[in-house]
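Spelled out from the first residue to the last, the chains are:
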Amino acid sequence: MKIILFTHPTFLAHQSMPRYASMLQKGMEDKGHQVVIWSPKARFYKIPLVSSLKKWMGYIDQYVLFPIEVKFKLKKCSKDTLFVFADQALGPWVPLVKNRKHIVHCHDFLALKSALGMIPENPTSFTGKQYQNYIRKGFSKGKNFISISKKTEQDLQQFHQGNIESSSVCYNGLSRPFYYLSESQSIKLVETKLRLSLTQGYIMHIGGNMYYKNRKGVMEIYNTWRANYHTKIPLLLIGEKPSDELLIQREKSAFNNDIYFISDVSDEYINSAYSGAKCLLFPSLDEGFGWPIIEAMASGCPVITVNKAPMNEVGGTAAYYIEPMPNDKASLGQWKKEAATVLEKVVSLQAADRKKAIEKSLQHSNMFSSEYSLNAIETVYKMIHSVE
C-alpha cells in the first residue's frame, strides 16, 4: 500500500503524538508499505513575533496554507492511496480527502468534552470552544476510524456528527521497549541520577499538570497513607515542572520533605524509575488510553489505578483498583482512606505475593506490544484499502 500519513506539524510542542506517528510510519514501512508524511511547514510561524501571536501564525500555516498545498499534491496521488490521520485533532484536514480512501486515529476527546462544558474542572475559553468545534466538524466528515480503547470509540460515536462506516478498536502498543529490570539496581541508578536517598524504595507517579492527571489526588492519597500507616517511603512525581498550585499543596503537607517533583528525566531513566518503584499510583480522572499503566507493568511495577474506563480496560485483572476521585468534598475523606488502604496493601506485599503480582503484570503487558498493535492496525488499513 501507499500510505499518506497526516501528522501534527513539528513546530508544535507535542510529545506523545510525534511518537505515535513515528511508530505508525516505521511499523508500516517495516511491513513493506510505502509511507509519506504530510505535515504543515513553519512559514508564518517562524516570523519573529511576540509569543502571544505565535499560535495564530501557526494556525495560518496549518489551516490556510497547508490545505492549499494538499489540494495540489492530491492531483498526483493514485486512487488507491490510503490517507491516514494520526490524530482526530487533525480533523480540519479530513474534508480534503473525505471522498478518498481514508482512516482517522482517535486518541481522546477530553479537549472537546471540556469545550462542551462536560468537564467543569477544566473550563474552556470562547476561542478554545470555537477551535474544538472546528476540529469536530472536520473529523465528522471522516467515515473510517481506529480508536485506542473502547471508551474512546464510545466517545467517537457520541461526538461524530456524520455517518461512520467503519469503527475499530486497536489498543496502543508500547512506542518503545520497556523491560523488567532489577529492583535494587534500578533504585541505585535512580538514586544516583536524582541524588536522593531511596533505601526504602519509593512510590511513583508520572504525568503532566493537566487536570485529568490528578496530581492533586496523588498527593491527597499519599498524605492520608502516611498519616494512617506511618511508613516513611517517599513519593516521586515525575514529569512536567509543577504548577504554583501544586507547589503550595506540597508545602502544606506534613510530609513535604518526602514529596519530590522530578522534571527533565530522559526516556532511558523512566524504565529504571518504574522498575525500582514500590508501585505506580495513577488515579487519573480521565484518559484516552493510559500509557503509564502498561509501561509500568512491562517494567515489573505493580499499578494502582482507577476502576473506570479506559484505565480498567488497559489494566485488566493485573492492576489494583481504587474508585474515581469524587467531586464533592463530603465524599473526599472516605475516598482518600479507601485509596490509602489499597496503597498500603500493595506497598506491603510479601516477597512471594509481589513476585506473583509482577509476573501477572508482565504477562498482561504482552498484549500491548508494538507488534500486536501494528498487526491490528495493518489489518484495518488493508480492509479500508481493499474497498472499491
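Values in this document were obtained by computation on a predicted structure and should not be read as measured data.

Below, the discussion takes up the overall build of the protein. Check the secondary structure of the protein and you find 14 helices and twelve strands. On C-alpha atoms alone, the protein measures out to a radius of gyration of 22 Å, which is about the 21 Å that the 2.2 N^0.38 rule sets for 388 residues. Counting only C-alpha atoms and orienting by the principal axes, one finds that the protein spans roughly 70 × 45 × 40 Å. A burial count over the protein gives 52% of its 388 residues as buried. Considering only intrachain contacts with a sequence separation of at least 6, the fraction spanning at least 24 residues in the protein is 67%.

Here we come to helix α5 (residues 150-159). Listed in full, the buried residues belonging to α5 are Lys-151, Thr-152, Glu-153, Asp-155, Leu-156 and Phe-159. Those residues of α5 that are buried lie in contact with β4 (102-106), α3 (110-115), α4 (126-139), β5 (144-147), β6 (166-169) and α11 (311-315).

Summarising burial for strand β7 (residues 203-207): five of the five residues are buried, a large majority. Neither face of β7 is exposed, since Ile-203, His-205 and Gly-207 on one face and Met-204 and Ile-206 on the opposite face are all buried. When β7 meets strand β8 (residues 235-239), the two strands line up parallel, connected through five bridges. Residue pairing in the sheet places Ile-203 in a bridge with Leu-235 of β8. Following the backbone out of β7, through helix α7 (residues 215-229) and into the adjacent parallel β8, one traces a crossover that is right-handed.

The next subject is the sheet that holds strand β9 (residues 259-262). The strand order β9-β8-β7-β10-β11-β12 describes an open sheet built from six strands, whose pairing is parallel. Two strands in the sheet have a free side with no partner beyond their single neighbour: β9 and β12 (320-322). The mean angle between the axes of side-by-side strands here comes to 25 degrees, regardless of whether they run parallel or antiparallel. Relative to strand β10 (residues 279-282), β7 is paired through two bridges, and the arrangement is parallel. Residue pairing for β10: Ile-203 is matched across the bridge by Cys-279. Sitting on the sheet, helix α12 (residues 329-347) is in contact with β7, β10, β11 (303-306) and β12, with an inclination near 165 degrees to β12.

Right, let's talk about the packing of aromatic side chains for a bit. Counted according to the given criterion, the structure contains 22 aromatic pairs. Seen in terms of ring centroids, Tyr-211 and Tyr-212 are 5.4 Å apart; in terms of plane orientation they differ by 80 degrees. Their pairing is edge-to-face. Tyr-212 gets classed as buried once you look at its relative accessible area, which sits at 14%. Taken together through their ring pairs, the aromatic side chains of Phe-6, Trp-38, Trp-56, Tyr-59, Tyr-63, Phe-66, Phe-83, Phe-85, Trp-93, Tyr-131 and Tyr-134 make up a single cluster. The cationic tip of Lys-54 hangs over the ring face of Tyr-45; the distance from NZ or CZ to the ring centre is 4.7 Å.

Let's shift gears to unusual backbone geometry. In this structure, the amide linkage connecting Ala-309 to the following residue, Pro-310, adopts the cis form with an omega of 5 degrees. Positive phi is not limited to glycine here, since His-230 has a value of about 55 degrees. By the element assignment, His-230 lies in the loop between α7 and β8. Since its relative accessible area comes to 67%, His-230 is described here as exposed. Its identity is not glycine, yet Asp-264 carries a phi of approximately 60 degrees, on the positive side.

With that settled, the discussion passes to the packing of α7 against α12. One way to put it is that α7 packs onto α12 with a least axis distance of 8 Å and a crossing angle of 70 degrees. With respect to α12, the axis of α7 lies roughly perpendicular. Here Gly-217, Glu-220, Ile-221, Thr-224, Trp-225, Asn-228 and Tyr-229 of α7 lie close against α12, whose contacting residues are Trp-335, Lys-336, Lys-337, Ala-339, Ala-340, Thr-341, Leu-343, Glu-344 and Val-347. Partitioned by chemical class, the residues of the contact of α7 with α12 number eight nonpolar, four polar and four charged.

What follows deals with the sheet that holds β5. The pairing of strands in a sheet happens through backbone hydrogen bonds and is either parallel or antiparallel. An order of β2-β1-β3-β4-β5-β6 is seen for the six strands of this open sheet, with the pairing classed as parallel. The sheet terminates laterally at β2 (34-38) and β6, the two strands that pair on one side only. The sheet shows a mean angle of 20 degrees between the axes of neighbouring strands, direction not considered. Note: strand β1 (residues 2-6) against strand β3 (residues 82-85), four bridges, orientation parallel. Paired with Ile-4 across the two strands is Phe-83, which belongs to β3. Across the face of the sheet, α5 comes into contact with β4, β5 and β6 while running at roughly 155 degrees to β6.

Looking now at the side chain of Asp-258. Of note, Asp-258 is situated in the loop between α8 (244-252) and β9. Excluding residues that lie within four positions of it along the chain, Asp-258 makes contacts with Tyr-222, Arg-226, Lys-232, Pro-234 and Leu-235.

Conventions adopted
- Residues numbered from 1 in each chain as written.
- Predicted model: local features only at pLDDT ≥ 70, side-chain atom pairs only at ≥ 80, totals over all residues.
- Heavy atoms only, no water.
- Helix = DSSP H or I, 4+ residues; strand = E, 2+ residues; numbered from the N terminus.
- Rg over C-alpha atoms; globule rule 2.2 N^0.38 Å.
- Buried < 20%, exposed > 50% of the residue type's maximum accessible area, 1.4 Å probe, protein only.
- Contact = heavy atoms within 4.5 Å.
- Pairing = 2+ DSSP bridges.
- Right-handed = clockwise from strand over helix to strand, strands pointing away.
- Axes fitted to C-alpha atoms, helices over the stretch in contact; angles between N-to-C directions.
- Phe/Tyr/Trp six-rings, centres within 6.5 Å; stacked < 30°, edge-to-face > 60°.
- Lys NZ or Arg CZ within 6 Å of the ring centre and 35° of its normal.
- Parallel < 35°, antiparallel > 145°, perpendicular 65-115°, else oblique.
- Nonpolar A, V, L, I, M, F, W, Y, C, P; charged D, E, K, R; others polar.

In short, the description is geometric, and any link to function would need to be established separately.
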